[in-house]
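Spelled out from the first residue to the last, the chains are:
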Amino acid sequence: MPYLGSEDVVKELKKALCNPHVQADRLRYRNVIQRVIRMPKLDQWGQAEVLNFLLRYQPRSEEELFDILNLLDSFLKSSSPGVVMGATKLFLILAKKFPHVQTDVLVQVKGPLLAACSSESRELCFAALCHVRQILHSLPGHFSSHYKKFFCSYSEPHYIKLQKVEVLCELVNDENVQQVLEELRGYCTDVSADFAQAAIFAIGGIARTYTDQCVQILTELLGLRQEHITTVVVQTFRDLVWLCPQCTEAVCQALPGCEENIQDSEGKQALIWLLGVHGERIPNAPYVLEDFVENVKSETFPAVKMELLTALLRLFLSRPAECQDMLGRLLHYCIEEEKDMAVRDRGLFYYRLLLAGIDGVKQILCSPKSDPSLGLLEDQAERPVNSWASDFNTLVPVYGKARWATISKYQGPERRGPELPNAASFATSGPLIPEESKETVQELPDSGALMLVPNSQLTAEYFEKTWFSLKVAHQQVFPWRGAVHPDTLQMALQVVNIQTIAMSRAGAQPWKAYLSAQDDTGCLFLTELLLEPENSEMQISVKQNEPRTETLNSFISVLETVLGTIGDIKS
Amino acid sequence: MISQFFILSSKGDPLIYKDFRGDTGGRDVAELFYRKLTGLSGDESPVVMHHDDRHFIHIRHSGLYLVATTSENISPFSLLELLSRLATLLGDYCGSLNEGTISRNVALVYELLDEVLDYGYVQTTSMEMLRNFIQTEAVVSKPFSLFDLSSVGLFGAETQQSKVAPSSAASRPVLASRSDQSQKNEVFLDVVERLSVLIASNGSLLKVDVQGEIRLKSFLPSGSEMRIGLTEEFCVGKSELRGYGPGIRVDEVSFHSSVLLEEFESHRILRLQPPQGELTVMRYQLSDDLPSPLPFRLFPSVQWDRGSGRLQVYLKLRCDLPPKSQALNVRLHLPLPRGVVSLSQELSGPEQKAELGEGALRWDLPRVQGGSQLSGLFQMDVPGLPGPPGQGPSTSAPLGLGPASLSFELPRHTCSGLQVRFLRLAFRPCGNTNPHKWVRHLSHSDAYVIRI
C-alpha cells in the first residue's frame, strides 16, 4: 500500500476503496475522500496515487463535482508532471458531462505539456508528444499558435522527430500553414531518407486542405531527381488525386520525367496507376508504359505487373491507337509466360473481358467513382474527448491505439480473474463461489481450492477428440424445473471461467450442452449437461484428463452452485 | 507500481537488479531488454516497450540505462519522473552517477532501493526521510580536496576574490561520512540555460527558445533557510513592466513546491528550506524575444562547380557576445554531400582544428572571444554530385550540404539576462565555519542550427 502520510488514513482508505460495493457506502467514502484531498503534506507520489484512486469515485451531484474540482485545482499547477497529468485525467473523467470544463482543463494543461515537450529528458518529451497528439484529435486548433515548439532539431532521435512531424501535420491552420510548410520542406531534403519520406507524407496530409501550396512544393521536390524523394512524392500524388480531384491537372503536368528515378515497387505502382487513370492528359503516358511493358520479363514485383495490366487497359480505352499493340503483347506475356498465378489470372480475366466486347470493358473499368469528399469528412471527424479521456496519462497514447490493441489481446484477462457482474442475484447469494473472492486483498489462494483459468483456445475438434478418449469420471443428477435459458446459463458459466463449447437452443428436446474448463495446473474438465424431455432433472457427466478427486469435487461443487443459482433465479 | 528495476551499463551489462513483486520473470529480463532495445527499428520508440505481458520503460542517464518493468497500465509521466528522481538520488548519495560509482556502491544502492520502493510502490524519495534509514556510506574514488587545482576550469571562478572551485566540486556524496567530519558545508547554485535557435538560409531568425533552470545542490544540514535574490527588473509574461528600460523578461516560470513566494512579487526573492541534495528551484522559458543579440552568426558562402565537382565553402563565424565574454568549446558541425573525397582548409587561427569525419565537417574552436570574427575556407572534391540542374558554377548549395549546427558553452552568461543577485543563509550552523556559497551562471547550446 502506498504510504500516504499516516497509518490510520491508509487504513481508512483501504477499507473504503477495497469495498466493491462502493456506492453502497457513500457517506463514509465521501468523507474519507474529502479528508484525503485536504491532506497538505502529501509528496508528489502520494498525490499521484490519490488522484488515481479518485478516478473510481462518482460524485453524487453537480455541486459535489465542482467542489472536488475546486479542491483539486492546485494540483494542476504542481511542478511534478505526474501529478499534473493525473489531475488532468481526473478532471476529464469527472467532468465528462461538461465539455466546456474539459476544454478549460486542456487549456490549463497546455503550458506544462509544452514545457515537457521541450524538456531535456527525451523520454519525457516523447510521452508528452504522444499526449499532445491525443489532444489534437479532439481539439485540432489547440496548439496551433505554438507550432514553433514542434520544429525538429538536428540532434533529436528519430522517433521524436517522427512524432513532431505528425504533430505539425495536425496543427496546421490558416495562420501558420506557410511557416509549417516551409519547415517541412526543409526536412524533405534531410540526409536521413526515412525522415525525408515521413516529411513528404506529412505534406501530403496537409495537402488535403491546402492543396495548391502543397502540390507546388511536391512538384519542386520532383525536380531534385532523388530516388527516395521521387518515389514518395509520386505515392503522395496518387493518394491526393483521389481525394482532391482539383489538383489532377497540376499533378499531370509534373509527372513526365519521374519514371527515370523510380526503382522500388511502391513508387512504380503509384506511377503506373496515375498513368492509367489520368493517361489521356499526360502526353507521353503510352510511351512510359511501353517501357514498362518492354521490361516486364525482368520485373521482379508481381504487384507492379498487376497494376500495369489494369493501367494499360484503362489507357487503351482512352487512347486505343497507341496502346493496342502493347496491350496485346502484355496480355500474351501474362497469359502464356508468366509464372505468378495472380498476375496470370488477371491477364486472363482482362482478355476474356475484351472478348466480351468493348462496351462491357468500359462499363466495368470506367464506371462512376464514389464521392471522395465523403471519405475526407469522415476522416476528419473530431473524436469527442470522452472517447480517449480514460486513456490519458496511461501507456495507451505512448504505444498508439493500434499497437495497444495487439498488446491487450495477448495479455488476456487479468490474473485475478473476472469481476462479478452487477446481477442482483449474485449479490444476494453471498460469497457465491469461494475461490473467486478477489476483492478482499488475498495474495495467494489456498492450495486445496480450485482455480479455474479462462482457456479460449479449446477448439470443438479438440474437445470432441478428448471427450471420446476419456472415461466418465463423475456422473450425477441435478434437480431441475422448467426450461433452460441458454444465454443466462452461458453467461453465468463464463463468470466462473467455464467455457461453453456447444449448447442447444432454448426449448430443444432433449437439451444438451458441452462445457470445458481448465484449472491453473492445466487439468481439463469436460462436462456434458443433458436435460431429458421430462425436465425434472439434469444429468451431469464430467470427464477429467488427470485423475484428481479433490479438484474434481471442487469443480462439481462450482458447477452445482452455478446451476443452482440459475435454477433459483428463473423459478 | 513497478515490478522490477534494473540498471544496465551502456553496453548492456547488468549492474543492479531488483525484483519487487516476484510476479514476472527473473534476471534474464535485463538481457531481454537490451536485446530488444538494440533490435528496434529506427522509427520505433525505445522509451516504452512491451514483451510478454510486461512493459519496459527506461531512461538514459550518463550512459546508463535505468529500467523499470510493470504489468499495469500506469502513468508514463509518473514512471519517468520516478526514474529521474532515482537517478538524482543515486547521484546525491554516491557523488555522481556513472558505472564506476555504481559498481563501488552496490550495497548502498540496494539499500536505497529497499527504502524508496516497497513492493513496487513508492514510499518516499525525500532525502530527509531516507537519511534516517540508510546506514551504508558511500565509497568515493579519492577524497576530495579543494587544493586539487590541476583540473581547475573557468567555472565558478570569481577572479577578484581568487576563489576557485573545480566543476567537479559538487560531485561528492551529499551526506557527510561519519569518519570525515571536516567536510565543509557548501551550497552550489547554478543558473543553467539551454539555447535553441533556428536560422533560415536567408539569415532570418525562425525560432529562438531559451529553457532555463536554477539548480541548487546543498550540503548544508536540512532546515537551513536560504534566500535567493534574482534580478529585480525581471518580468514574467508579455505584459508585465518593471523598472525602466526593456528589462529582462521570461514567458513562463514554475517553481518547486517547497519554494515560498511571498517576496517574489515585490522583490523577486525566493525563500526556501532546501533538503540536502539536488533540487531544481525554478524553471523558466523564453521564446522569440531575446534581450541580447544571438551569440553567433554564420555567413556561409558556397561555390560549387558542377563540372569539375569542386565545392568550396567559405564560413565566416561572428561572435556577438560582449567583448569581455567568451565562448568555450565551440564546435561547428556541417554535414557534407555524399562522396566527399578530400578536404583542404585554411583557418584563421592557429588553435582551431577542422576535420572530416562521418560525412560531415567538424570545426573546433576552443575559445572564441566576444566580438571576434573567425573564418575558414574549405575546399572539397565531390565527384558526381546530383542537385539542381544547370551547368557551370553555381552558388546554390548542393543537396546534402546540410544545416550547420553549433555547440558551445557560454560561461558567466545568461541569454535571458537573468542573474542571481545574492544568496543569503539565514541560519548559521553553530560550530562550523561560514558555509561557502558558489553561484555560477552558464548557458549552453541545445540545438543551434543555421541553414545554408
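Note that the structure is a prediction, hence the values are computed from the model and not measured.

(A) Expanded view of the overall build of chain B. Within chain B, the regular secondary structure consists of 6 helices and 26 strands. Once local pairs closer than 6 in sequence are excluded, the contacts in chain B between residues at least 24 apart make up 69%. For chain B, the accessible area works out to roughly 20,200 Å², and carbon and sulfur atoms hold 49% of it.

(B) Molecular detail of the overall build of chain A. Along chain A, the regular secondary structure elements total 27 helices and 6 strands. The buried share of chain A, taken over its 571 residues, is 49%. Residue pairs in contact within chain A that sit at least 24 positions apart in sequence constitute 64% of those at least 6 positions apart. Working note: accessible area of chain A is about 28,200 Å², and carbon and sulfur atoms make up 52% of it.

(C) Molecular detail of the domain arrangement of chain B. Residues and elements named next belong to chain B. Under the domain assignment, chain B is made up of domain 1 (4-131), domain 2 (186-291 + 414-445) and domain 3 (296-381 + 399-411). For domain 1 and domain 2, the distance between their C-alpha centroids amounts to 31 Å. Summing the contributions of domain 1 and of domain 2, the shared interface buries around 510 Å²; its carbon and sulfur component is 39%. Interface area lost by domain 1 to domain 2 is led by Asp 92, Met 127 and Glu 128, which between them contribute 62%. Joining domain 1 to domain 2, the criterion identifies 1 salt bridge. In this assembly, domain 1 and domain 2 are joined by 1 residue pair in polar contact (both at pLDDT 80 or more). Here the side of domain 1 that touches domain 2 is composed, by residue class, of 1 nonpolar, 2 polar and 4 charged.

(D) Highlighting the packing of aromatic side chains. Residue and element names in this part refer to chain B. Under the definition given, this model contains 24 aromatic pairs over all chains. With 5.7 Å between their ring centres and 75 degrees between their planes, Trp 363 and Phe 378 make a pair best called edge-to-face. With Trp 363 in strand β21 (residues 360-369) and Phe 378 in strand β22 (residues 373-381), this pair connects stretches of sequence that are 15 residues apart. The pair Trp 363 / Phe 378 is uniform in exposure class, with both members buried. Clustering of aromatic rings is evident, with ring pairs tying together Phe 6, Tyr 17, Phe 33, Tyr 34, Phe 56 and Tyr 65. Its guanidinium or amino end placed over the ring of Phe 422, Arg 424 lies 4.0 Å from that ring's centre, counting from NZ or CZ.

(E) Region of interest: the pattern of salt bridges. Taken as a whole and judged by the stated rule, the model has 36 salt bridges over all chains. Ionic pairing is found between Glu 263 of chain B and Arg 227 of chain B, a salt bridge with its closest N-O pair at 2.8 Å. In this pair, Glu 263 of chain B is assigned in the loop between β13 (252-255) and α6 (264-267) and Arg 227 of chain B in strand β10 (residues 226-230), connecting sequence segments 36 residues apart. Residue classification places Glu 263 of chain B among the partly exposed positions, given a relative accessible area of 21%. By relative accessible area, which is 24% here, Arg 227 of chain B ends up partly exposed. A salt bridge links Arg 421 of chain B to Glu 232 of chain B, with the shortest nitrogen-to-oxygen separation between them at 3.9 Å. Of this pair, Arg 421 of chain B sits in strand β25 (residues 420-425) while Glu 232 of chain B sits in the loop between β10 and β11 (234-236), and the two are 189 residues apart along the sequence. What makes Arg 421 of chain B partly exposed here is its relative accessible area of 41%. Judged by relative accessible area, Glu 232 of chain B falls into the partly exposed class, the value being 33%. Each of the salt bridges in this network shares a partner with another, and the network as a whole consists of Glu 120 of chain A together with Arg 194, Glu 213, Arg 215, Arg 283 and Asp 446 of chain B.

(F) Up close: the pairing of strand β4 (residues 54-61) of chain B. Residue and element names in this part refer to chain B. Burial analysis of β4 places 6 of its 8 residues in the buried class, which makes it a mostly covered element. Judged from the 4 bridges that link them, strand β3 (residues 48-51) and β4 form a sheet pairing that is antiparallel. Residue pairing across strands places Val 48 opposite Ile 57, the latter belonging to β4. Linking β3 to β4, which pair antiparallel, is a turn of 2 residues; within it Asp 52 sits at a positive phi near 55 degrees. Relative to strand β5 (residues 64-70), β4 runs antiparallel, the two sharing 7 bridges. Across the sheet, the residue bridging to Arg 60 is Tyr 65, located in β5. Remark: 2 residues form the turn of the hairpin made by β4 and β5, two consecutive strands paired antiparallel; Ser 62 in that turn has positive phi of roughly 50 degrees.

(G) Fine view of the packing of helix α11 (residues 193-206) of chain A against helix α12 (residues 211-222) of chain A. Residues and elements named next belong to chain A. Orientation of α11 relative to α12, taken along the N-to-C sense of each, is 150 degrees, at an axis distance of 9 Å. Considering the angle they form, α11 stands roughly antiparallel to α12. The hand of the α11/α12 crossing is left-handed. Mapping the contact onto sequence places Ile 200, Ile 203 and Ile 206 in α11 and Cys 214, Ile 217, Leu 218 and Leu 221 in α12. Considering only residue class, the contact of α11 with α12 consists of 7 nonpolar, no polar and no charged.

(H) Quick look at the sheet that holds β3 of chain B. Residue and element names in this part refer to chain B. Overall, antiparallel pairing links the 5 strands, which are arranged β2-β1-β5-β4-β3 in an open sheet. The open sheet has two edge strands with one neighbour each: β2 (14-19) and β3. Strand-to-strand, the axes of this sheet are offset by a mean angle of 20 degrees, without reference to chain direction. One ladder, built from 5 bridges, connects strand β1 (residues 4-8) with β2; its direction is antiparallel.

(I) Looking closely at the packing of helix α16 (residues 285-294) of chain A against helix α18 (residues 320-337) of chain A. Residue and element names in this part refer to chain A. Axis separation between α16 and α18 bottoms out at 10 Å; the angle between their running directions is 20 degrees. Overall, the two elements α16 and α18 adopt an arrangement that is roughly parallel. The two elements α16 and α18 meet at a crossing, and its hand is left-handed. Contact with α16, carried on its side by Pro 286, Tyr 287, Leu 289, Glu 290, Val 293 and Glu 294, involves Glu 322, Cys 323, Met 326, Arg 329 and Leu 330 of α18 and no other residues of that element. Counted by class, the contact of α16 with α18 contains 7 nonpolar, no polar and 4 charged residues.

(J) Local environment of the interface of chain A and chain B. Between chain A and chain B, the contact holds 51 residues from the first and 57 residues from the second. Together, the buried faces of chain A and chain B total about 4,700 Å²; carbon and sulfur atoms form 57% of this surface. Sorting the residues of chain A by area buried against chain B places Trp 45, Glu 123 and Tyr 154 of chain A first, and these three jointly supply 16% of that buried surface. Summed over the shared surface of chain A and chain B, the result is 5 salt bridges.

(K) Structural detail: the sheet that holds β10 of chain B. Residues and elements named next belong to chain B. Taking strand neighbours across the sheet as the criterion, the 3 strands line up as β14-β10-β25 in an open arrangement whose pairing is antiparallel. Both edges of this open sheet fall to β14 (269-272) and β25, since each of them pairs with a single strand only. The sheet shows a mean angle of 15 degrees between the axes of neighbouring strands, direction not considered. Bridge count for β10 against β14 is 4 bridges, and the pairing is antiparallel. Among the inter-strand pairings, Arg 227 is bridged to a residue of β14, identified as Arg 271.

(L) Up close: the state of the cysteines. Summed over the entire model, instances satisfying the criterion amount to 0 disulfides over all chains. A disulfide-free cysteine, Cys 130 of chain A has its sulfur positioned 9.5 Å from the sulfur of Cys 117 of chain A, the nearest such atom. Free of any disulfide, Cys 235 of chain B has its nearest cysteine sulfur in Cys 415 of chain B, 18 Å distant. Classification of Cys 235 of chain B by relative accessible area gives buried; the value is 1%.

Reading guide: rules and limits
- Residues numbered from 1 in each chain as written.
- Chains lettered and ligands numbered in written order.
- Predicted model: local features only at pLDDT ≥ 70, side-chain atom pairs only at ≥ 80, totals over all residues.
- Heavy atoms only, no water.
- Helix = DSSP H or I, 4+ residues; strand = E, 2+ residues; numbered from the N terminus.
- Contact = heavy atoms within 4.5 Å.
- Areas by Shrake-Rupley, 256 points an atom, 1.4 Å probe, with all protein chains shown as cover.
- Buried < 20%, exposed > 50% of the residue type's maximum accessible area, 1.4 Å probe, protein only.
- Domains from an automatic or database assignment.
- Buried area = accessible area lost by both parts, 1.4 Å probe.
- Salt bridge = Lys/Arg side-chain N within 4 Å of Asp/Glu carboxyl O.
- Polar contact = N/O pair within 3.5 Å; in protein donor to acceptor, adjacent residues only side chain to side chain.
- Nonpolar A, V, L, I, M, F, W, Y, C, P; charged D, E, K, R; others polar.
- Phe/Tyr/Trp six-rings, centres within 6.5 Å; stacked < 30°, edge-to-face > 60°.
- Lys NZ or Arg CZ within 6 Å of the ring centre and 35° of its normal.
- Pairing = 2+ DSSP bridges.
- Axes fitted to C-alpha atoms, helices over the stretch in contact; angles between N-to-C directions.
- Parallel < 35°, antiparallel > 145°, perpendicular 65-115°, else oblique.
- Left-handed = near helix turned anticlockwise from the far one by under 90°.
- Disulfide = S-S within 2.5 Å.

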